[in-house]
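# Structure at a glance
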Amino acid sequence: MPLIETTALEKRYDNRVTALADLTFAIEPGVVGLVGVNGAGKSTLIKLALGLLEPTGGQVRVLGLDPIADGDRVRARVGYMPEHDCLPPDMIAAEFVTHMARVSGLPKAMARERASETLRHVGLYEERYRRIGGYSTGMKQRVKLAQALVHDPELLLLDEPTNGLDPAGRRAMLDLVHRIGTDFGISVVVCSHLLGEIERICTSLVAIDAGRLLRSATLDSMTQARDMLMLEIDENAEALSAALTQQGLEVRADKRVLLVRMDDEDVYDRIRDTIADLDLSLHRLERQRHQVADLFRDLPEGAVHV
Ligand SMILES: Nc1ncnc2c1ncn2[C@@H]1O[C@H](COP(=O)(O)OP(=O)(O)OP(=O)(O)O)[C@@H](O)[C@H]1O
């Protein structure tokens, strides 16, 4: 079952601002990056998925449920980390996370135990009895993450979890998110306006711009299908290009350099055999792995920050 599935989803604010339009996609379990520049509609999508907002058109399903009609069931199975600072500065972290566990319906003793455990997972065990107001930005982000995790959800929705952090803090937060996905087996949707930052921890990506879908695909399908073999030969590149094209391979030629799409591993053998048949001498052969960011460069300028 998809984690989140939308069909022609639309959200207009005050009948004026169209935050999302005709958005149709389905994402499978894993760590999913939701990318788009500020204002693209990421937070709106998350709020629709939580049932905090109602669509003005189309529909959204979360774990197969309608977030408006089945709001309680969705909230029981989903954890949410909001983008902006929303923590009570005078509360002690352990008390706050325990309280959030109680709000989710856990009995008192279990809520306390889960709060300690969750604060340990996010790296705040030693500091758990300190006032939140005295925490650094990185520690506050971790408390927000802990309260989202405390009721042991199946799906975490994280709105810009690296907001306000320095580069080391951003890396640490993303490593933590990655571990939640791999070690605890919890699916995660992580919003970011920086594709390059989150691609390394994601199993799939959904990119939106001005409320519309740009792309939705798994990382594997994005990278593998786009790998190319770069080969350089001393002479007669045109003959080699023609022979490979005739075999159905996709070839781009630029003087002595050819780029051949790697559809499968036997492309290596076919190139080797063709070079031998034509009696050419190969100067260089290299596999060019495409960075995910490369695949977004052909999109409208500024649509996604890579
Ligand atoms: N409550 C609101 N009333 C009116 N317009 C809104 C409201 N909330 C968001 N918008 C508008 O909807 C659009 C999408 O906003 P949204 O916050 O979903 O984008 P975002 O991708 O999450 O960006 P950011 O990371 O800056 O929050 C923007 O044009 C924004 O100004």
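This one's a predicted model, so the numbers in the text were calculated from it and none came from an experiment.

### Comments concerning helix α3 (residues 93-103)
What α3 keeps buried is the set A93, A94, F96, V97, T98, M100 and A101. Where the residues of α3 are buried, they touch α4 (108-121) and α5 (137-149). After α3 finishes, the residue G105 shows a positive phi value of roughly 100°.

### Considering the sheet that holds strand β13 (residues 282-288)
By definition, the strands of a sheet pair up through backbone hydrogen bonds, in either a parallel or an antiparallel sense. Overall, antiparallel pairing links the four strands, which are arranged β11-β12-β10-β13 in an open sheet. The open sheet terminates on both sides in strands that have one partner only, identified here as β11 (251-254) and β13. Taking the axes of each pair of neighbouring strands and ignoring which way they run, one obtains an average angle of 15° across the sheet. Sheet topology note: the strand β10 (residues 228-233)/β13 ladder contains six bridges and is antiparallel. The partner of L229 across the bridge, within β13, is R287.

### As for the environment of G41
On the secondary structure map, G41 appears in the loop between β3 (31-35) and α1 (42-50). With 23 C-beta atoms counted inside 10 Å, the residue G41 sits in the buried group. Considered as a pair, G41 and A19 are 22 residues apart in the sequence and their alpha carbons are 5.4 Å apart. Excluding residues within four positions of it along the chain, G41 makes contact with A19, L20, G36, I208 and G211.

### Details of the site of the ligand
Y13, A19, N38, S43 and T44 are the nearest of the 14 residues found near the ligand. At the level of secondary structure, the elements contributing two or more residues to the shell around the ligand comprise β2 (17-27) and α1. No other element matches α1, which puts three residues into the shell around the ligand. Partitioned by chemical class, the residues of the shell around the ligand number four nonpolar, seven polar and three charged.

Basis of the calculations
- Residues numbered from 1 in each chain as written.
- Predicted model: local features only at pLDDT ≥ 70, side-chain atom pairs only at ≥ 80, totals over all residues.
- Buried ≥ 20, exposed ≤ 12 C-beta atoms within 10 Å, placed from the backbone.
- Helix = DSSP H or I, 4+ residues; strand = E, 2+ residues; numbered from the N terminus.
- Contact = placed C-beta atoms within 7 Å.
- Pairing = 2+ DSSP bridges.
- Axes fitted to C-alpha atoms, helices over the stretch in contact; angles between N-to-C directions.
- Near = placed C-beta within 6 Å.
- Nonpolar A, V, L, I, M, F, W, Y, C, P; charged D, E, K, R; others polar.

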